[in-house]
Amino acid sequence: MNINLTIIGQAIAFFIFVVFCMKFVWPPITAALAERKKKIAEGLDAADRAERDLQLAQEKATENMRKGKEEAAAIIEQANKRANQIIEEAKEKAVEEAGRVKAAATAELEQEVNQAREALRGQVATLALAGAEKILEASIDEKAHAQLVEKLAAEL
Amino acid sequence: MASGTQTSSEYISHHLTNLTFGSHPVNGMSFAHNAQEAAEMGFWAINVDTLGWSIALGVLFTWLFRKVAKTATSGVPGSTQNFVETIIEFVDENVKGIFHHKNDLIAPLSLTIFVWIFLMNTMDLIPVDWIPFVAGQIGASFGADPHHVYMKVVPTTDVNATAGMALSVFALIIFYSIKQKGLGGFLAELSFQPLGKWMLPFNLFLELVGLLAKPISLALRLFGNMYAGEMIFILIALLPFWAQWVLSVPWAIFHILVITLQAFIFMVLTIVYMAMAYDHH
């Protein structure tokens, strides 16, 4: 166990390894480590942001759904109202129509009654004349008494 | 595994001797044949095994981490990248917890210290005879006596390796102390604490001891722990082969903790010392 040149040889080797390590080993590896750290931080950040976005979107969706339901309810109510209105209108129209039909029928009936009356009136005159003829037998001048009979028929 | 031709003490000292190459006064440039020859080579010799294994493991470390760094993605990491990232984040957390200044060197420095020392310490878990035996056979094929081919596979059990790193850290401590506080500020810090300027020699002595204790404690703590651990493994290896596992397995499991802990302590103390170099007292 002698102290000899080995001590200097070892120091030189040590120096070379340290310099090599300092120049070519340490910087690239620590740079990669730092970059990975940054990447991980960014990833975590992005995940946080995404979660927040998702929450926001969910809130928005819930809000939209609520609004949609409200609108639908309003539309249904309006439709019901409109339907009732249409029914009312239809009823009114029907009543009106019925009135009109009834009036027309009444008028026609009256007319027919009148016609029948006129016809009856004519026949009554003839019947009365024939009756009177039978009663009086040929004593009646048709022409002379026609005026009289007509007057009678008009009174019927 | 004390063979017939080797006594226990020879076996142990064989395992504790580095493969030293240098200029021997008698043999010229050669590998030392024993510890005494290695000592005779003096300072101008190198421990080939220590440097070889530490550089190989350092290259393994830089190769693996560079491979990941080249393809590092900020997306989903592969298993290798995941593993490397775990280590880097562990080191980074420690650096950020202790050292609060802006310095691009400290974190890679700490990473290198932690992983490299961990890998060097891990060599301790390879059974003590495997690599020395292979090395002996290779040496024998070149015509050398296998008993004289030394191979200490754990670089951190060589005080040269730990001291080499500790002194590098010490140089950085001095450099950053002067850079942050100025030469005057650094000297003032050594001279006028803790007892004021009238006790300057005493202060200087105290602070210098404190300063020098940093690299020495760094080097010797790691060296001592690993040397002692290795020693235990070698002693266990002296038992009959069928009984070794009773001790070597628990010791190896315990040693997993030790090798990690020692790498971690070296790293944390380096960070603390660098933070002290930056802080004004």
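Residues numbered from 1 in each chain as written. Chains lettered and ligands numbered in written order. Predicted model: local features only at pLDDT ≥ 70, side-chain atom pairs only at ≥ 80, totals over all residues. Heavy atoms only, no water.

Is there a simple way to think about the overall build of chain A in this case?
What chain A contains, in helices and strands, is two helices and zero strands. Within chain A, the proportion of its 156 residues that are buried is 12%. Summed over its atoms, the accessible surface of chain A is roughly 12,500 Å², and 61% of this surface lies on carbon and sulfur atoms. With 22 positive and 26 negative side-chain charges, chain A shows a spacing of 17 Å between the two charge centroids. (Helix = DSSP H or I, 4+ residues; strand = E, 2+ residues; numbered from the N terminus. Buried < 20%, exposed > 50% of the residue type's maximum accessible area, 1.4 Å probe, protein only. Areas by Shrake-Rupley, 256 points an atom, 1.4 Å probe, with all protein chains shown as cover. Lys, Arg positive; Asp, Glu negative; His and termini not counted. Charge placed at Lys NZ, Arg CZ, Asp CG, Glu CD.)

Just checking my understanding: could you explain the sheet that holds strand E1 (residues 20–24) of chain B for this structure?
Two strands in a sheet stick together by hydrogen bonds in their backbones, pointing the same way (parallel) or opposite ways (antiparallel). All names here are of chain B. Spatially, three strands are ordered E2-E1-E3 in an open sheet, and the strand pairing comes out antiparallel. For this open sheet the edge positions go to strand E2 (28–31) and strand E3 (45–47), each flanked by a neighbour on one side alone. Ignoring strand direction, the axes of neighbouring strands in this sheet form an average angle of 15°. Examined bridge by bridge, E1 and E2 share four bridges and lie antiparallel to one another. Within E2, the position partnered with His24 by the bridge is Gly28. In this fold helix H3 (residues 48–71) packs onto E1, E2 and E3, with an angle of close to 50° to the strand it touches most, E3. (Pairing = 2+ DSSP bridges. Axes fitted to C-alpha atoms, helices over the stretch in contact; angles between N-to-C directions. Contact = heavy atoms within 4.5 Å.)

Any chance you could explain a negative patch on the surface here in plain terms?
Residues and elements named next belong to chain A. On the surface, Glu42, Asp45, Asp48 and Glu51 cluster together to form a negatively charged patch. Assignment of secondary structure puts Glu51 in helix H1 (residues 6–136). Look at Glu51 and you get exposed, because its relative accessible area is 53%. (Patch = residues over 30% accessible without salt bridge, like charges linked within 9 Å, V, L, I, M, F, W, Y side chains within 5 Å. Salt bridge = Lys/Arg side-chain N within 4 Å of Asp/Glu carboxyl O.)

What is the right way to look at the pairing of E1 of chain B in this model?
Two faces belong to every sheet, and in a regular strand the side chains alternate between them. Residue and element names in this part refer to chain B. The sheet contact formed by E1 and E3 spans three bridges and is antiparallel. Paired with Phe21 across the strands is Ile46, a residue of E3. Hairpin connection from E1 to E2: three residues lie between these consecutive antiparallel strands.

What is the right way to read the confidence of the model for chain B from this model?
Should pLDDT be low for a region, the predicted coordinates there are not to be read in detail. Residues and elements named next belong to chain B. Averaged over all residues, the pLDDT of chain B is 89; the fraction at 70 or higher stands at 98%. Per-element mean pLDDT across chain B ranges from 82 in helix H2 (residues 35–40) up to 95 in helix H5 (residues 106–122). Predicted complex, confidence summary: ipTM 0.89, pTM 0.77. (pLDDT = per-residue confidence, 0-100.)

Is there a simple way to think about the interface of chain B and chain A in this case?
Many structure descriptions define interface size as the accessible area lost when the parts assemble. Counting residues at the interface gives 54 residues for chain B, matched by 29 residues for chain A. Remark: the boundary between chain B and chain A carries one salt bridge. A salt bridge links Arg36 of chain A to Glu85 of chain B; the nearest nitrogen and oxygen atoms lie 2.8 Å apart. Those elements giving two or more residues to the side of chain B that touches chain A turn out to be H2, E3, H3, helix H4 (79–98), H5 and helix H7 (159–191) of chain B. The element that contributes the greatest number of residues to the side of chain B that touches chain A is H3 of chain B, accounting for 12 residues. Tallied by class, the residues present in the side of chain B that touches chain A amount to 33 nonpolar, 15 polar and six charged. (Nonpolar A, V, L, I, M, F, W, Y, C, P; charged D, E, K, R; others polar.)

Looking at this structure, how should I read a nonpolar patch on the surface?
There is a patch of nonpolar side chains on the surface, built from Ile3, Ile8, Ile12, Phe15 and Ile16 of chain A together with Phe43 and Trp44 of chain B and spanning about 740 Å² of accessible area. By the secondary structure assignment, Ile16 of chain A is in helix H1. On the basis of relative accessibility, which here comes to 48%, the residue Ile16 of chain A falls in the partly exposed class.

Whenever I open this one, the nonpolar core confuses me. Can you help?
Among soluble globular proteins, nonpolar side chains are generally buried collectively. Residue and element names in this part refer to chain B. With 69 residues, the main nonpolar core has Phe65, Leu111 and Phe266 as its most contacted residues. A total of 12 residues in this core trace back to one element, the largest contributor, which is helix H9 (residues 244–278). The next biggest cluster of nonpolar side chains, apart from the first, holds eight residues, and it includes Tyr11, Leu16, Val128 and Ala237. (Core = buried A, V, L, I, M, F, W, Y, C linked by side-chain atoms within 4.5 Å.)

Honestly, the packing of H1 of chain A against H4 of chain B in this entry has me stumped. Any pointers?
The axes of two packed helices give the description: the angle between them and the distance between them. Packing of H1 of chain A against H4 of chain B leaves a shortest axis separation of 11 Å and a crossing angle of 95°. Judged by the angle between their axes, H1 of chain A and H4 of chain B are roughly perpendicular. Within the contact between the two elements, H1 of chain A uses Trp26, Ile29, Thr30, Leu33 and Arg36 of chain A and H4 of chain B uses Gln81, Val84, Glu85, Ile88, Glu89, Val91 and Asp92 of chain B. (Parallel < 35°, antiparallel > 145°, perpendicular 65-115°, else oblique.)

Is there a simple way to explain the packing of H3 of chain B against H4 of chain B in this structure?
Residues and elements named next belong to chain B. Two numbers describe how H3 lies on H4: the axes approach to 10 Å, and their chain directions differ by 105°. Taken as axis vectors, H3 and H4 run roughly perpendicular relative to one another. Packed against H3, whose contacting residues are Leu64, Phe65, Val68 and Thr71, the element H4 presents Thr80, Gln81, Phe83, Val84, Ile87 and Ile88 at the interface. Looking at the contact of H3 with H4, its residues break down into seven nonpolar, three polar and no charged.

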